[in-house]
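Fold and geometry: a report
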Amino acid sequence: MTITAHSGRSLDEVTVEAARNGDLVLDDIRVSRETLLAQADTAQRSGSVQLAMNLRRAAEITALSSEEMLAAYEALRPRRSSFAELEELAQRLADRGAPTCAALVREAATAYQRRGLLR
């Protein structure tokens, strides 16, 4: 398997020299969905089920912009969102092809509701 950046650039093209020359963009230093899924498969085969699930969620969120990702993290902080807002976030994630991330947000919303951590 060839490891690539989110931009599709191969790993051997992402160098300090390229960074110094200004030849890299942000997506050149972001990991690709395919690489994360391959790592998840390796983790699963070695018995690291939780790590595999985390890597699959990470692969799903590569479809989000940095701003969307940060907004989702902010929304998940205790007392930052209502139950309805977290449900809306979960639906947006599901609509963007991130079903395991959506499930995690729904799980968090339920846990926050039970513990009094919603806005």
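One structure accompanies this document, and this report is about it. (Residues numbered from 1 in each chain as written. Predicted model: local features only at pLDDT ≥ 70, side-chain atom pairs only at ≥ 80, totals over all residues. Heavy atoms only, no water.)

1. Details of helix 3 (residues 49-61)
Residues three or four positions apart in an α-helix share a direction because the helix packs 3.6 residues into each turn. For the record, the criterion: A helix here means a DSSP run of H or I that spans at least four residues, while a strand means a run of E at least two residues long, and both kinds are numbered starting from the N terminus. To estimate the expected span of a helix, count its residues, drop one, and scale the result by 1.5 Å. Only protein chains enter the area calculation, which uses a 1.4 Å probe; residues under 20% of their type maximum are buried, those over 50% are exposed, and those in between are partly exposed. Whether two residues touch is decided by their heavy atoms; if any such pair falls within 4.5 Å, the residues are in contact.
Between its first and last C-alpha, helix 3 extends 19 Å over 13 residues, near the 18 Å set by a 1.5 Å rise per residue. Where helix 3 is concerned, the buried positions are A52, L55, R57, A59, E60 and I61. Its buried side turned inward, helix 3 meets helix 2 (33-45), helix 4 (66-75) and helix 6 (99-115).

2. Looking at the nonpolar core
The cut-off we apply is this: In this description, a nonpolar core means a group of buried Ala, Val, Leu, Ile, Met, Phe, Trp, Tyr and Cys residues linked to one another through side-chain atoms lying within 4.5 Å.
Core analysis: the biggest nonpolar cluster contains 16 residues, and I61, L86, L89, L93, C101 and V105 have the highest contact counts within it. Put simply, the parts of the chain that give this core at least two residues each are helix 4, helix 5 (83-95) and helix 6. No other element matches the 5 residues that helix 6 contributes to this core. When near neighbours in sequence (up to four residues on either side) are disregarded, C101 contacts R57, E60, I61 and L93. L36, A40, A43 and L55 belong to the second largest nonpolar core, which has 6 residues in total.

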